[in-house]
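One-letter residues, chain by chain:
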Amino acid sequence: MSGSSSLGDRVLAEIKQQYPDAIECSIVDHSDGCGAKLELTVVSDSFDGVMLLKRHREIQNHLKEKGLFDEIHALQIKAWTPAQWEKKKGDN
């Protein structure tokens, strides 16, 4: 990645590598571009049978290993199974 990539772009690239078969993988920057406040959505079959807290920790630990977690001030993680994703979309 080039040094000019935003923090959100770098986080998203890492998560896409971590979950290459994700059905949905997106990020929203709620901090006017500085990347300090991010909302990450990951929808993957790999979350089936995995408790929500473990999903979040898996993502956080990956970002820590890549040296990105310390740059983030707030990270909202939505780590859902495809069934949960469909239900959430239906609720809107």
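These numbers were taken from a predicted model, which means no experiment stands behind them.

Before going further, it helps to spend a moment on the environment of Arg-10. Residue placement: Arg-10 occurs in helix H1 (residues 7-18). Overall, the relative accessible area of 22% leaves Arg-10 in the partly exposed class. In the structure, Arg-10 is positioned 62 residues away from Ile-72 in sequence and 11 Å away in space, judged by C-alpha atoms.

Our next topic: the confidence of the model for the protein chain. Of all residues in the protein chain, 91% attain a pLDDT of 70 or more, and the chain-wide mean is 90. When pLDDT is averaged over each element of the protein chain, helix H2 (residues 52-65) comes out on top at 97 and helix H3 (residues 82-91) at the bottom at 89.

Of all hydrophobic cores here, the largest spans 17 residues; its most connected members are Val-11, Ile-15, Val-42, Ile-59, Leu-63, Ile-72 and Leu-75. Elements supplying a minimum of two residues to this core: H1, strand S2 (37-43), H2 and strand S3 (74-80). Per-element accounting of this core gives the leading share, 4 residues, to H1. Non-local contacts of Ile-59, meaning those with residues more than four positions away in its chain, are made with Ile-15, Gln-18, Tyr-19, Leu-40, Val-42, Phe-47, Ile-77 and Ala-79.

Our next topic: the sheet that holds S3. On the basis of which strands lie adjacent, the open sheet formed by 3 strands has the order S1-S2-S3 and mixed pairing. Both outer strands of the open sheet, strand S1 (24-29) and S3, are each paired with one neighbouring strand and no more. Looking at each pair of strands side by side, their axes are set apart by 10° on average, direction ignored. Direction of pairing for S2 relative to S3: parallel, over a ladder of 7 bridges. Among the inter-strand pairings, Val-42 is bridged to a residue of S3, identified as Ala-79. Each of S1 and S2 is contacted by H1, which is oriented at about 165° to S1, the strand it contacts most. Against the sheet, H2 contacts S2 and S3, and its axis sits at roughly 125° relative to S3.

Along the polypeptide, Ser-44 turns up in the loop between S2 and H2. For Ser-44, the residues in contact, after removing those within four places along its chain, are Tyr-19, Ala-22, Trp-80, Thr-81 and Pro-82.

Turning our attention to the environment of Asp-48. Within the fold, Asp-48 resides in the loop between S2 and H2. Asp-48 gets classed as partly exposed once you look at its relative accessible area, which sits at 48%. Distance in space between the C-alpha atoms of Asp-48 and Thr-81 is 5.9 Å, their sequence separation being 33 residues.

The rules behind these values
Residues numbered from 1 in each chain as written. Predicted model: local features only at pLDDT ≥ 70, side-chain atom pairs only at ≥ 80, totals over all residues. Heavy atoms only, no water. Helix = DSSP H or I, 4+ residues; strand = E, 2+ residues; numbered from the N terminus. Buried < 20%, exposed > 50% of the residue type's maximum accessible area, 1.4 Å probe, protein only. pLDDT = per-residue confidence, 0-100. Core = buried A, V, L, I, M, F, W, Y, C linked by side-chain atoms within 4.5 Å. Contact = heavy atoms within 4.5 Å. Pairing = 2+ DSSP bridges. Axes fitted to C-alpha atoms, helices over the stretch in contact; angles between N-to-C directions.

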